[in-house]
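Descriptive structure summary
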Amino acid sequence: EINHAREITLDYPRFYVPEVVHITPEPKDAMYHMVLKRKPGARLSTLQDTPTYEAVAQFLALLHRNLKSTKGTRDYKKICTERVFNSQLEFLKPIVNEWDFLFEGIKGDYVFDKDSRGDNWIVNKEGIVALDFEDKGMVRQEYDTVKLIEESCLSSKNDEARFKILKAYANSYGIKNYEEF
């Protein structure tokens, strides 16, 4: 999908997807490693300005509208449940049996799981560089969007910034009623 992402961004000069320089297959675990021609800059996770996060949200929406997965959909409820039971967070385990309500309102489109956390974006004076195009499957768009918003340096301090980032994503994706998103 990285090559498709590069094609998609050609009309968006401030959005950049690195060129693949080399691919090293790892036959023992059916994995591969890509060497990318990256640009210098700061990881998004270190920045604290809302307009930059809004621009990344627009980039994420562009990728979500255009990228597809070959791996099918991911069950985030199952993934989260497994992570809790495999962790040292004993105090969360009783909650798992009661958390169905958390997943009931999630009804957005299934989109390419970009893993949009802050460390997967680089920002420099030329624009925004997207990293990590591993095909993990399709997820409800809320999951990937929340990763971007909640893992930002802004989220814990500023509800207004959260709303602006969400609005930028929703407008770019084409969601009319983003308050319900």
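First, a word on scope: everything that follows refers to the structure included in this document. (Residues numbered from 1 in each chain as written. Predicted model: local features only at pLDDT ≥ 70, side-chain atom pairs only at ≥ 80, totals over all residues. Heavy atoms only, no water.)

1. Brief notes about the packing of helix α2 (residues 50-66) against helix α6 (residues 141-150)
Here α2 crosses α6 at 155°, and the two axes come no closer than 11 Å. On the basis of their axis angle, the class for α2 and α6 is roughly antiparallel. Helix-helix and strand crossings are classified by hand; for α2 and α6 the assignment is right-handed. Packed against α2, whose contacting residues are Tyr53, Val56, Ala57, Leu60 and His64, the element α6 presents Gln141, Asp144, Thr145 and Leu148 at the interface. Residues that form the contact of α2 with α6 fall into these classes: five nonpolar, three polar and one charged. (Axes fitted to C-alpha atoms, helices over the stretch in contact; angles between N-to-C directions. Helix = DSSP H or I, 4+ residues; strand = E, 2+ residues; numbered from the N terminus. Parallel < 35°, antiparallel > 145°, perpendicular 65-115°, else oblique. Left-handed = near helix turned anticlockwise from the far one by under 90°. Contact = heavy atoms within 4.5 Å. Nonpolar A, V, L, I, M, F, W, Y, C, P; charged D, E, K, R; others polar.)

2. Points about α6
Counting buried positions along α6 yields eight of ten residues, so the element is predominantly enclosed. Buried residues of α6: Gln141, Glu142, Tyr143, Asp144, Thr145, Lys147, Leu148 and Ile149, and no others. (Buried < 20%, exposed > 50% of the residue type's maximum accessible area, 1.4 Å probe, protein only.)

3. Digging into the pattern of salt bridges
Two side chains with opposite charge may pair up if their charged atoms get near one another. Applying the stated rule across the entire model yields nine salt bridges. Note that Asp113 and Lys147 form a salt bridge whose closest N and O atoms lie 3.7 Å from each other. In this pair, Asp113 is assigned in the loop between β5 (110-112) and β6 (121-124) and Lys147 in helix α6, connecting sequence segments 34 residues apart. The exposure classification of Asp113 matches that of Lys147, with both residues buried. Between Lys136 and Asp132 there is a salt bridge whose closest N-O contact spans 3.7 Å. Judged by its relative accessible area of 22%, Asp132 is partly exposed. Beyond isolated ion pairs, a larger network of salt bridges with shared partners links Arg74, Asp113, Asp115, Arg117, Asp119 and Lys147. (Salt bridge = Lys/Arg side-chain N within 4 Å of Asp/Glu carboxyl O.)

4. Focus on the packing of aromatic side chains
Summed over the entire model, instances satisfying the criterion amount to four aromatic pairs. Aromatic pair Tyr12 and Phe15: ring centres 5.9 Å apart, planes at 20°, arrangement stacked. Centroid distance Tyr169 to Tyr173: 5.7 Å. Interplanar angle 10°. Geometry classified as stacked. Placement of the pair is Tyr169 and Tyr173 together in helix α7 (residues 159-173), with a separation of four residues, close to one helical turn. The two residues Tyr169 and Tyr173 agree in class, both being buried. Taken together through their ring pairs, the aromatic side chains of Tyr12, Phe15, Phe59 and Trp121 make up a single cluster. We note Lys114 situated over the ring of Trp121; from NZ or CZ to the ring centre the distance is 4.6 Å. (Phe/Tyr/Trp six-rings, centres within 6.5 Å; stacked < 30°, edge-to-face > 60°. Lys NZ or Arg CZ within 6 Å of the ring centre and 35° of its normal.)

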